[in-house]
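# Breakdown of the fold
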Amino acid sequence: GNRGLKEACSLSYSGAHYLAEQLVATGKCSMAYDKPFFNEFAVKTTAPVETVLAALVAEGILGGVRIADDTLLVCVTEQRTKAEMDKFVEIVNNI
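Let me sum up the structure you'll find in this document.

Basis of the calculations
Residues numbered from 1 in each chain as written. Predicted model: local features only at pLDDT ≥ 70, side-chain atom pairs only at ≥ 80, totals over all residues. Heavy atoms only, no water. Helix = DSSP H or I, 4+ residues; strand = E, 2+ residues; numbered from the N terminus. Rg over C-alpha atoms; globule rule 2.2 N^0.38 Å. Buried < 20%, exposed > 50% of the residue type's maximum accessible area, 1.4 Å probe, protein only. Lys, Arg positive; Asp, Glu negative; His and termini not counted. Charge placed at Lys NZ, Arg CZ, Asp CG, Glu CD. Pairing = 2+ DSSP bridges. Axes fitted to C-alpha atoms, helices over the stretch in contact; angles between N-to-C directions. Contact = heavy atoms within 4.5 Å. Polar contact = N/O pair within 3.5 Å; in protein donor to acceptor, adjacent residues only side chain to side chain. Core = buried A, V, L, I, M, F, W, Y, C linked by side-chain atoms within 4.5 Å. Expected span 1.5 Å × (residues − 1). Patch = residues over 30% accessible without salt bridge, like charges linked within 9 Å, V, L, I, M, F, W, Y side chains within 5 Å. Areas by Shrake-Rupley, 256 points an atom, 1.4 Å probe, with all protein chains shown as cover. Salt bridge = Lys/Arg side-chain N within 4 Å of Asp/Glu carboxyl O.

Attention now moves to the overall build of the protein chain. If you tally the helices and strands in the protein chain, you get 3 helices and 4 strands. Starting at the N terminus and walking to the C terminus, you meet the elements of the protein chain as α-β-β-α-β-β-α. Taking 2.2 N^0.38 as the reference for a compact globule, 95 residues should give roughly 12 Å; the C-alpha atoms of the protein chain span a radius of gyration of 13 Å, in line with that estimate. Dimensions along the principal axes, computed over C-alpha positions, put the protein chain at roughly 40 × 30 × 20 Å. Scored against the burial criterion, the 95 residues of the protein chain give a buried share of 35%. Mean positive and mean negative side-chain charge positions of the protein chain (9 and 12 charges, respectively) differ by 4 Å.

Shown next, in the form of structure tokens:
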């Protein structure tokens, strides 16, 4: 119902903002756009996006969509846990 949808939206929003902040904090990513976002965001990566995606896939994570050689579009849904997002960040940080 409405309450469930509101909760799903809230979890998606907060998860995406958490992941974006953590990725930027690694120094290996920067926000591609200085605009508000809901649960999808684009980051510029210091490593080639194909390298980032391959490292994530090797650990069972579908990391997003390459929208440029140095830009990755990431989406966070309500089903992603903090532990999963932390693993995503750890993998990116180790590239």
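After that view of the structure, there is still more to cover.
To continue, consider the sheet that holds strand β1 (residues 29-31). Reading across from one edge, β1-β2-β4-β3 is the order of the 4 strands in this open sheet, with antiparallel pairing throughout. One side of each edge strand has no neighbouring strand; the edge strands of this open sheet are β1 and β3 (65-68). For this sheet the average axis-to-axis angle between neighbouring strands, irrespective of direction, equals 40°. As defined by bridge partners, β3 adjoins strand β4 (residues 71-75) across 3 bridges and the pair is classed as antiparallel. Residue V65 lies in a different strand from β4, and its bridge partner there is L73. Along the sheet, helix α1 (residues 2-25) makes contact with β1, β2 (40-45) and β4, crossing β1 at roughly 130°.

Residue position: H17 is located in helix α1. Of note is the side chain of H17, whose polar atom sits 3.0 Å from the backbone oxygen of F37.

With that settled, consider the nonpolar core. Ranked by internal contacts, the top residues of the largest apolar core, which has 22 residues, are L19, L23, F41, L72 and F88. At the level of secondary structure, the elements contributing two or more residues to this core comprise α1, β2, α2 (49-58), β4 and α3 (82-93). Top contributing element to this core by residue count: α3, with 5 residues. Setting aside residues up to four positions removed in sequence, L19 forms contacts with F41, V74, V76, M85, F88 and V89.

Along an α-helix, residues three or four positions apart point the same way, because every turn accommodates 3.6 residues. In a regular helix each residue adds 1.5 Å, so 24 residues correspond to 34 Å; α1 covers 35 Å between its end C-alpha atoms and thus fits that length. The complete set of buried residues in α1 reads A8, S12, G15, A16, H17, L19, A20 and L23. If you follow the buried residues of α1, they end up packed against β1, β2, β4 and α3. G27 occupies a position one or two residues after α1 and carries a positive phi of about 80°.

It is worth spelling out a nonpolar patch on the surface at this point. Where nonpolar side chains cluster on the molecular surface, the patch consists of Y33, V65 and I67 and spans about 300 Å² of accessible area. Residue placement: I67 occurs in strand β3. By relative accessible area, I67 is classed as partly exposed at 42%.

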